[in-house]
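Here are the chains, one letter per residue:
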Amino acid sequence: MPILDLSIDELLTTTRSVRKRLDLARPVEPVVIDECLELALQAPSPGYGELWHFIVVTDPAQREALATLYRKSVHSLGNEASVIPSKIQDSAQHLVDHLHEVPVLIIPCIEGRTENLSVMRQATIWSSIMPAVWSFMLAARSRGLGTVLTTAHLVYERETAELLGIPYERIMQTSLLPVAYTQGTTFKSAARKPLASVVHRDHW
Ligand SMILES: Cc1cc2nc3c(=O)[nH]c(=O)nc-3n(C[C@H](O)[C@H](O)[C@H](O)COP(=O)(O)O)c2cc1C
């Protein structure tokens, strides 16, 4: 059950990337994760079957191994990450340093791989999982949990598949969500470009 008194609009505007304010000392009850996953399963599916899978990692040794792969991935991205503003880099580094301490790591996966597919087929596969990922993040926020959508570990997707026993040839990992209770529950909405600069009415 939700524990925060947030309107739907507040939930949508304050579900932010949480890294520094994850409470690493507070355990997360498995039943709360299951509630969030049940809600995530209500996201749109392509209609010919639900293709999503979620690996929930809580075992300390597995989290440590995942964090090592995550660290290696971020390190290998090097220059690519340098375009990111320093405040976000600082926060991202904090996650690198503490990922193994985050009580729950979730890897949302999808049946099918997108390499060499048409844009239409790629879009169908990615869109069969990312709405569910966002639903999970919203449900988590409503329960006082913080998450951050990360993709860096996918540099070592194959190694992660081996670690977790994921059948790589037919199951694609899409992201990694660290999940923990947040320190404090107040979060601000993000500063965004004005709507007019990103909306195109009737033509580009
Ligand atoms: C597609 C995508 C991939 C991301 N990958 C990572 C990541 O690998 N590591 C990380 O720390 N944050 C990652 N993030 C989180 C962003 O860095 C974070 O959202 C950023 O701080 C911008 O904040 P905002 O989402 O509040 O605008 C990712 C976010 C998105 C949407």
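To keep things clear, this report deals only with the structure shown in the data block. (Residues numbered from 1 in each chain as written. Predicted model: local features only at pLDDT ≥ 70, side-chain atom pairs only at ≥ 80, totals over all residues. Heavy atoms only, no water.)

Structural notes on the side chain of Gln173
Moving on, step 1. Residue position: Gln173 is located in strand 4 (residues 171-173).
Moving on, step 2. Within the local environment of Gln173, its side chain forms a polar contact with the side chain of His153, the two groups lying 2.8 Å apart.
Moving on, step 3. Apart from the residues within four sequence positions on either side, Gln173 is in contact with Ile107, Pro108, Cys109, Trp126, His153, Leu154, Glu157, Thr160, Ala161 and Ile166. (Helix = DSSP H or I, 4+ residues; strand = E, 2+ residues; numbered from the N terminus. Polar contact = N/O pair within 3.5 Å; in protein donor to acceptor, adjacent residues only side chain to side chain. Contact = heavy atoms within 4.5 Å.)

Focus on the layout of surface pockets
Moving on, step 1. When its volume is computed, the largest pocket comes out at roughly 1200 Å³.
Moving on, step 2. As for the largest pocket, its lining consists of 35 residues, of which Ser17, Arg19, Ile88, Ser91 and Ala92 are closest to the centre.
Moving on, step 3. Contributing elements (two or more residues each) for the lining of the largest pocket: helix 3 (60-77) and helix 4 (86-98).
Moving on, step 4. Here the element with the most residues in the lining of the largest pocket is helix 4; it accounts for nine residues. (1 Å grid on protein atoms, 1.4 Å probe; cavity = no way out; pocket = protein on both sides within 12 Å on 5 of 7 lines; lining within 4 Å. Points joined across faces, edges and corners; volume = space filled by probe spheres on them.)

Some words on the packing of helix 2 (residues 30-40) against helix 6 (residues 130-142)
Moving on, step 1. Closest axis-to-axis distance for the helix 2/helix 6 pair is 8 Å, and the angle between their directions is 140°. As summarised for this structure, helix 2 and helix 6 are arranged oblique, according to the angle between their axes. Every pair of crossing elements has a handedness; the one defined by helix 2 and helix 6 is right-handed. The residues of helix 6 that touch helix 2, namely those facing Ile33, Cys36, Leu37, Leu39 and Ala40, are Ala132, Ser135, Phe136, Ala139 and Ala140. (Axes fitted to C-alpha atoms, helices over the stretch in contact; angles between N-to-C directions. Parallel < 35°, antiparallel > 145°, perpendicular 65-115°, else oblique. Left-handed = near helix turned anticlockwise from the far one by under 90°.)

Observations concerning the nonpolar core
Moving on, step 1. By size, the foremost hydrophobic cluster in this structure holds 26 residues, and its most contacted members are Ile33, Phe54, Ile106, Phe136, Leu145, Leu177 and Val179.
Moving on, step 2. Of all the elements in the fold, those that place two or more residues in this core are helix 2, strand 1 (52-57), strand 2 (104-111), helix 6 and strand 5 (177-181).
Moving on, step 3. It is helix 6 that provides the largest number of residues to this core, a total of six residues.
Moving on, step 4. Excluding anything up to four places from it in sequence, Ile106 contacts Ile33, Phe54, Ile55, Val56, Phe136, Ser175, Leu176, Leu177 and Val179.
Moving on, step 5. Of all hydrophobic cores here, the second largest spans 23 residues; its members include Tyr70, Leu99, Leu105 and Ala152. (Core = buried A, V, L, I, M, F, W, Y, C linked by side-chain atoms within 4.5 Å. Buried < 20%, exposed > 50% of the residue type's maximum accessible area, 1.4 Å probe, protein only.)

Some remarks on the site of the ligand
Moving on, step 1. Surveying the vicinity of the ligand reveals 13 residues, the closest of which are Ser17, Arg19, Tyr70, Leu149 and Arg192.
Moving on, step 2. Between the ligand and Ser17, the relevant distance is 2.8 Å, taken from an oxygen atom to a side-chain nitrogen or oxygen of the residue.
Moving on, step 3. Taking Tyr70, its side chain carries an N or O atom lying 2.8 Å from a nitrogen atom of the ligand.
Moving on, step 4. Look at the ligand: alone it shows 620 Å² of surface, and the protein chains cover 62% of it.
Moving on, step 5. Cavity membership is defined here by more than half of the atoms lying within 2 Å of grid points; on that basis the ligand lies in the largest pocket.
Moving on, step 6. Sorting elements by how many residues they give to the shell around the ligand places helix 4 first, with three residues.
Moving on, step 7. Its residues assigned to classes, the shell around the ligand comprises seven nonpolar, three polar and three charged. (Near = heavy atom within 4 Å. Areas by Shrake-Rupley, 256 points an atom, 1.4 Å probe, with all protein chains shown as cover. Sits in = over half its atoms within 2 Å of the grid points. Nonpolar A, V, L, I, M, F, W, Y, C, P; charged D, E, K, R; others polar.)

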